[in-house]
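Each chain is listed here by its residues.
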Amino acid sequence: MNTNKAVGKPIDRVDGRLKVTGAARYSAEIPLENITHAVIISSTIARGRIKNIDTSTAEKLPGVISIITYKNAPKLKPVPTFSANGPAAENRLPLQNAEIHHSGQHIGVVIADTLEHAKHAATLVRVEYEAQRPLTEMARERNKAVVPKGKISEKPPDVVRGNPNQGLAQAQVRVEQTYRTPEEHHNPMETHATTAVWQGNRLTVYDATQYNFGTRQALATTFAIPEDNVRVVCQFIGGAFGCKGSVWPHVTIAAIAAQKVGRPVKLVLTRQQMFTTVGHRAETEQKVALGATRDGRLTAIQHTGTSHTSTFDEFVEPFTVITHMLYATPNMQASQRLVKLNKGTPTFMRAPGETPGTFALESAMDEMAYALKLDPIELRLRNYAETDPDHNRPWSSKSLKECYRVAAEKIGWSRRNPQPRSMRDGRYLIGMGMATATYPVYLFGATAKVRILQDGSVVVQSGSQEMGTGTATAMAQVAADVLGVPFERVRFELGDTALPKAPVSGGSATMGSVGTAVHGAVKVAQAKLLELARADSKSPLYNVPETDIAFEDGQIFVKSKANKSETYADILKRQNLPHIEESFDAKFDSENKPHSSHSFGAQFAEVRVDPDTGEVRVTRFIGAYGVGKVINAKTARSQIIGGVTMGIGMALHEETITDARTGRIINANLGEYHVPVNADIPAIEPYFVDEIDPHINGIGAKGIGEIGITGVAAAVANAVYHATGKRIRDLPITPDKLL
Ligand code: MOS
């Protein structure tokens, strides 16, 4: 037996050394000869039009090579957005007209020999506007809410199951409340950056992107050139969380600029520009009505509300999607509306929909538990969905009961006195709260190629992205185990459209999708080698039946004769082949699935509240998760820690604030937009329950990037209620709301 399996081990990430030594190259760090620097000019008004833009003074500055505005930009071809299966983040093309839709909109770009010259010149461009009063407050514009035209995660905007009104009317206990989550920003450490270079009609772009092939498709479409003429490279991403999942206008601007000046152009967004031009999580206002019998059976769930979008795009934060499937109630109504505001287009941000949605629904469930005087875990167990109530089909796997049990035990839930404001530590109020976490299993088509070399080493390729999740490490683990070779002999190459086609690193889908392609490619290559050996009279495997074959330790064994074997290298040498190369297309049928597939988890928070200042500290955070097979125990744990950290930020700190008079974001910086720092984050303890899912994909992994944030804000808010007796339904839970 091979005792040396890689899958499941907490293997250090293969790029760890490159990252900590600074050797890892990010998209703003590509050393190209003759490079120029682009600085974007941003609109200072939020609504109206440009009356005049005067670049004459700026153009005369030393070092300035070109200034591009709507007056001299090339006309571009539109690219479909996500709702039309396209890669663009917005349906609006940059620098095409004088219209202004939001503050910070790109209105021009200065290209100069140095960053300093470009920055200085950008300040000297004079812009005259015709400004109108911007609409930036969702609450004020609510009466103008519209029905979304497109679907909300494969669903119409209004979904009804059973008879929710009757279910509510017949309920013995009702909870009906409104919950609000603010606009939030991703704030990855690495700001978006694009380095673009043209050679004739061939474009190479080094871009901070979660989707190399999407960027390629968008640029080929925009410039009307074949996709083969565009190469996109992204070796490393310094965080993304969704804001780099589709193609934003600055990528196009960098390519326009490089074409105009005939030299490589580097364009890096500032932190301020990160707040206005690459998406955000939309504000939500959600009404949840729950009806239940006195013994805690839900008779109905109603979940309705609004989120905002831009004036020119439709992006729906799908907060009701969880309500369709999380609890087994016969009567359910979900409905979403959109309010158009003078803001940039919102986008996917770690578990879009599930994150604000679980805040509302799981807070309401906690309120219902108190109304019923029932333990919140018990309420959830009484409404446990043994099958998917939405599609009426079995789950491919579900370990949520085990997750509740494990997490409750680890945090010591049995020691909790359910009475609010009953637990103290000195003068501090102590509270414990819980919530359910969930995220669907998404799978996107992916291709991988494998090369097994004569020296026994293995190279696996797929043009996926390394966004810090450990993709390169985990993929090598999958390949190593199929072949039975040591992990160290496998190298996974990614981050380039010159490699086999890979999908967006989004929807927590990379491990399952690209992993299945890797698994498939390695299997094909292995079968090919075996075939060569079995047909070769000089091989000890000659004519051995396949049922008598085992793959271990980089060798192919005859099971009935344990000393008869040969290595992949032996086979290749005898055949005089330098290597063998095979590829595999992983395809997934999302339409006709016999099962529904979700990850589930239980999130438990313990908080300490200062009754005099209203300060909330999360003192412990424990979660248990059923995510299928865990490929790398270390990077999986890191993903959950990251998700929970972001969830604590959402619960306690994060809120983007817009000045309604000017439509400008007033905290577009890391000093005033508070992301959690180390001092805010306790020891986070993730536990993975053993879960085998034979139905989902080739490797049994459900994906792990997003589930960790879902349920966190509700768990913290529920803990704050338990500590203080104050129910905060409006995030973030800042001290003023508790005093
Ligand atoms: Mo994620 S929000 O699917 O990049």
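Residues numbered from 1 in each chain as written. Predicted model: local features only at pLDDT ≥ 70, side-chain atom pairs only at ≥ 80, totals over all residues. Heavy atoms only, no water.

A. Highlighting the nonpolar core. Formed by 84 residues in total, the largest nonpolar core has its most connected members in Leu290, Phe604, Val607, Phe621, Val716 and Ile733. Non-local contacts of Val607, meaning those with residues more than four positions away in its chain, are made with Leu429, Ile430, Gly431, Val616, Arg617, Val618, Thr619, Val716, Ala719, Val720 and Ala723. Core analysis: the second largest hydrophobic core is formed by 46 residues, Val490, Val514, Tyr568 and Ile571 among them. (Core = buried A, V, L, I, M, F, W, Y, C linked by side-chain atoms within 4.5 Å. Buried < 20%, exposed > 50% of the residue type's maximum accessible area, 1.4 Å probe, protein only. Contact = heavy atoms within 4.5 Å.)

B. Fine view of the packing of helix H10 (residues 354–372) against helix H17 (residues 712–724). Two elements in contact, H10 and H17, have axes separated by 8 Å at closest approach and are oriented at 35 degrees. Viewed along their axes, H10 and H17 form a crossing whose handedness is right-handed. Here H10 contributes Thr358, Phe359, Glu362, Ser363, Asp366 and Tyr370 to the contact with H17, which in turn contributes Ala713, Ala714, Ala717, Asn718, Tyr721 and His722. The residue inventory of the contact of H10 with H17, partitioned by class, reads six nonpolar, four polar and two charged. (Axes fitted to C-alpha atoms, helices over the stretch in contact; angles between N-to-C directions. Helix = DSSP H or I, 4+ residues; strand = E, 2+ residues; numbered from the N terminus. Left-handed = near helix turned anticlockwise from the far one by under 90°. Nonpolar A, V, L, I, M, F, W, Y, C, P; charged D, E, K, R; others polar.)

C. Spotlight on the packing of aromatic side chains. Applying the stated rule across the entire model yields twelve aromatic pairs. Relative to Phe600, the ring of Trp395 has its centre 5.2 Å away and its plane inclined at 85 degrees; by these criteria the two rings are edge-to-face. Of this pair, Trp395 sits in the loop between helix H11 (376–382) and helix H12 (400–411) while Phe600 sits in strand S25 (residues 598–609), and the two are 205 residues apart along the sequence. Overall, Trp395 belongs to the buried group, its relative accessible area being 9%. (Phe/Tyr/Trp six-rings, centres within 6.5 Å; stacked < 30°, edge-to-face > 60°.)

D. The arrangement of the sheet that holds strand S22 (residues 555–558) in detail. Ordered by their spatial adjacency, three strands build an open sheet running S21-S22-S23, and the pairing between neighbours is antiparallel. Only two strands of the sheet have a single neighbouring strand rather than two, namely strand S21 (549–552) and strand S23 (561–567). Between one strand axis and the next, the sheet turns by 30 degrees as a mean value, whatever way the strands run. Here S22 runs beside S23; their pairing, made up of four bridges, is antiparallel. The partner of Phe557 across the bridge, within S23, is Ser565. (Pairing = 2+ DSSP bridges.)

E. Expanded view of the pairing of strand S10 (residues 202–207). Where burial is concerned, most of S10 is hidden: five out of the six residues are buried. Pairing of strand S9 (residues 193–199) with S10 involves six bridges; the strand directions are antiparallel. Bridging from a neighbouring strand, Ala196 pairs with Val205 of S10. Where S9 folds back onto S10 in an antiparallel hairpin, the turn is made up of two residues, including Gly200, whose phi is positive at roughly 65 degrees. For S10 and strand S11 (residues 230–233), the ladder comprises four bridges, and the chain directions are parallel. Residue pairing for S11: Leu203 is matched across the bridge by Val230.

F. Quick look at the environment of Asp690. You can see Asp690 is positioned in the loop between strand S29 (684–688) and H17. Here Asp690 falls in the exposed class, since its relative accessible area comes to 79%. As a C-alpha pair, Asp690 and Thr284 span 406 residues in sequence and 35 Å in three-dimensional space.

G. Summary view of the domain arrangement of the protein. Segmenting the protein into domains produces domain 1 (16–22 + 444–586), domain 2 (36–133 + 189–239 + 244–275) and domain 3 (348–353 + 379–442 + 593–738). Taking only C-alpha atoms, the centre of domain 1 and the centre of domain 2 are 40 Å apart. With 21 residues of domain 1 at the interface, the matching set in domain 2 holds 16 residues. Between domain 1 and domain 2 the total buried area reaches about 1400 Å² when both faces are included, carbon and sulfur atoms providing 55% of it. Contact with domain 2 buries area across many residues of domain 1, yet Gln465, Met467 and Thr497 alone supply 37% of it, more than any other trio. Asp496 is the salt-bridge partner of Arg231, the closest N and O atoms lying 2.5 Å from each other. (Domains from an automatic or database assignment. Buried area = accessible area lost by both parts, 1.4 Å probe. Salt bridge = Lys/Arg side-chain N within 4 Å of Asp/Glu carboxyl O.)

H. Region of interest: helix H13 (residues 471–483). Taking 1.5 Å of rise per residue, 13 residues should cover 18 Å, and H13 covers 19 Å from first to last C-alpha, within 8% of that figure. Across the 13 residues that make up H13, a large majority, 13, are buried. Backbone geometry just downstream of H13 places Gly484 in the positive-phi region, at approximately 70 degrees. (Expected span 1.5 Å × (residues − 1).)

I. The arrangement of the packing of helix H6 (residues 212–222) against helix H7 (residues 249–261) in detail. Between H6 and H7, whose axes approach to 11 Å, the crossing angle comes to 55 degrees. Of the possible angle classes, the one that applies to H6 and H7 is oblique. Regarding H6 and H7, the two cross each other, and that crossing is right-handed. Residues Thr215, Leu219 and Thr222 of H6 touch H7, and the partners they reach there are Val251, Thr252 and Ala255. (Parallel < 35°, antiparallel > 145°, perpendicular 65-115°, else oblique.)

J. Local environment of the pattern of salt bridges. Applying the stated criterion to the full structure yields 40 salt bridges. Here Asp390 and Lys155 are joined by a salt bridge, their closest N and O atoms 2.7 Å apart. Here Asp390, found in the loop between H11 and H12, pairs with Lys155, found in the loop between helix H4 (138–141) and strand S7 (158–161); they are 235 residues apart in sequence, far enough to count as distant. Ionic contacts of the salt-bridge type, sharing partners, join the residues Arg180, Glu283, Glu655, Asp730 and Lys737 into one network.

K. Layout of the side chain of Asp659. Within the secondary structure, Asp659 is located in strand S27 (residues 658–659). Within the structure, Asp659 has its side chain in polar contact with the backbone nitrogen of Arg661 (distance 2.9 Å). Residue contacts for Asp659: discarding those within four places in its chain leaves Thr136, Arg664 and Ile666. (Polar contact = N/O pair within 3.5 Å; in protein donor to acceptor, adjacent residues only side chain to side chain.)

L. Summary view of the sheet that holds strand S20 (residues 490–493). In space, the four strands of this open sheet follow the order S20-S19-S18-S24, with mixed pairing throughout. Strand pairing shows two members of the sheet lacking a second neighbour, S20 and strand S24 (579–586), which therefore form its edges. Direction aside, the axes of adjacent strands within the sheet are offset by 15 degrees on average. Of the strand pairs in this sheet, strand S18 (residues 446–453) and S24 are connected by eight bridges, and their pairing is antiparallel. Each bridged residue has a counterpart across the sheet, and for Ile452 the counterpart in S24 is Ile580. Packing of H13 onto the sheet brings it into contact with S18, strand S19 (458–461) and S20, and relative to S20 it is tilted by some 135 degrees. Along the sheet, helix H14 (residues 510–534) makes contact with S18, S19, S20 and S24, crossing S24 at roughly 140 degrees.

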